[in-house]
Amino acid sequence: MMAKIIGAMKRTAENSPIVVEPPMPRAKVLVVLGGRALRKYFPEQKAEPGQWFRTPGGRDVLVTYSPEYILRFDTVTPAVQKLKQDMWRSLKAVVQRLKC
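In this text, all values refer to a predicted model and were calculated from it rather than measured experimentally. (Residues numbered from 1 in each chain as written. Predicted model: local features only at pLDDT ≥ 70, side-chain atom pairs only at ≥ 80, totals over all residues. Heavy atoms only, no water.)

**Student:** Before we go on, may I ask you to explain the environment of Thr64 in this structure?
**Tutor:** Note on placement: Thr64 falls in strand 3 (residues 60-64). For the pair formed by Thr64 and Thr75, sequence separation is 11 residues and the distance between their alpha carbons is 21 Å. Leaving out residues up to four positions away in the same chain, Thr64 has contacts with Val31, Val32, Leu33, Gly34, Pro49, Gly50, Met87 and Ser90. (Helix = DSSP H or I, 4+ residues; strand = E, 2+ residues; numbered from the N terminus. Contact = heavy atoms within 4.5 Å.)

**Student:** Honestly, a positive patch on the surface in this entry has me stumped. Any pointers?
**Tutor:** A surface patch of positive charge is lined by Arg36, Arg39, Lys46 and Arg72. In this structure Lys46 comes out as exposed when scored by relative accessible area, which is 69%. (Patch = residues over 30% accessible without salt bridge, like charges linked within 9 Å, V, L, I, M, F, W, Y side chains within 5 Å. Areas by Shrake-Rupley, 256 points an atom, 1.4 Å probe, with all protein chains shown as cover. Salt bridge = Lys/Arg side-chain N within 4 Å of Asp/Glu carboxyl O. Lys, Arg positive; Asp, Glu negative; His and termini not counted. Charge placed at Lys NZ, Arg CZ, Asp CG, Glu CD. Buried < 20%, exposed > 50% of the residue type's maximum accessible area, 1.4 Å probe, protein only.)

**Student:** Looking at this structure, I do not really get the pairing of strand 1 (residues 29-33). What am I missing?
**Tutor:** Within strand 1, 5 of the 5 residues are buried, which leaves it mostly tucked inside the rest of the structure. Residues Val29, Val31 and Leu33 of strand 1 are buried on one face, and the alternating residues Leu30 and Val32, pointing to the opposite face, are buried as well. Across 5 bridges, strand 1 lies against strand 3 in parallel orientation. Bridge pairing links Val29 to Asp60 in strand 3. (Pairing = 2+ DSSP bridges.)

**Student:** What is the right way to look at the sheet that holds strand 1 in this model?
**Tutor:** Whether parallel or antiparallel, the strands of a sheet pair through hydrogen bonds between backbone atoms. Across the sheet, which stays open at both edges, the 3 strands sit in the order 1-3-2 with mixed pairing between neighbours. Strands with a single pairing partner mark the edges of an open sheet, and in this sheet they are strand 1 and strand 2 (52-54). Going from strand to strand, the sheet's axes swing by 25 degrees on average, the running direction of each strand aside. Here 3 bridges tie strand 2 to strand 3, and the two strands are oriented antiparallel to one another. Looking across to strand 3, one finds that Arg54 is bridged to Asp60. (Axes fitted to C-alpha atoms, helices over the stretch in contact; angles between N-to-C directions.)

**Student:** For this particular structure, what's the right way to read the pairing of strand 3?
**Tutor:** Side chains on a regular strand alternate between the two faces of the sheet. Here strand 3 lies mainly inside the structure; 5 of its 5 residues are buried. Burial along strand 3 is two-sided: the face carrying Asp60, Leu62 and Thr64 and the face carrying Val61 and Val63 are both buried. Turn length for the strand 2-strand 3 hairpin, with the two strands adjacent in sequence and antiparallel, is 5 residues, and the turn residue Gly58 shows positive phi of about 90 degrees.

**Student:** Hey, could you run me through the pattern of salt bridges in this one?
**Tutor:** The final tally for this structure, using the stated rule, is 4 salt bridges. Put simply, Arg97 and Asp60 hold a salt bridge, and the shortest N to O gap is 3.2 Å. Taken together, the positions of Arg97 in helix 4 (residues 78-99) and Asp60 in strand 3 put the pair 37 residues apart, joining distant regions of the chain. Across the pair Asp86 and Lys82 runs a salt bridge, and its minimum N-O distance is 2.8 Å. One end of the pair, Asp86, and the other, Lys82, are both in helix 4, 4 residues apart, so they sit about a helical turn from each other.

Just geometry here; none of it tells us what the structure is for.
Structure representation (structure tokens):
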């Protein structure tokens with residue numbers, strides 16, 4: 001699923017703003033996928049999916065849902081569909097911010 005998401009952003013694993021494994025890329029925008037990643041990389045930060053914050057070094061960071069979390073649901077209910085739409089909307093916002 002990550003390969004599809006990164007491809008849809010017209011990026012590769014090497015130049016994607018999504019941090020999959022350390023070290024963090026030197027991108028000006030980062031995407032944190034889920035609460036576990038947020039606690040790992042930014043333990044002092046509190047944010048909900050869809051929220052942006054700025055690191056002390058001045059990089060913009062967006063928190064969104066983890067694909068693993070979304071894939072846990074066997075049935076696509078309206079609530080699960082909303083999670084997918086929210087995640088996609090967040091990723092499109094990242095692409096827009098990268099164009100600036």
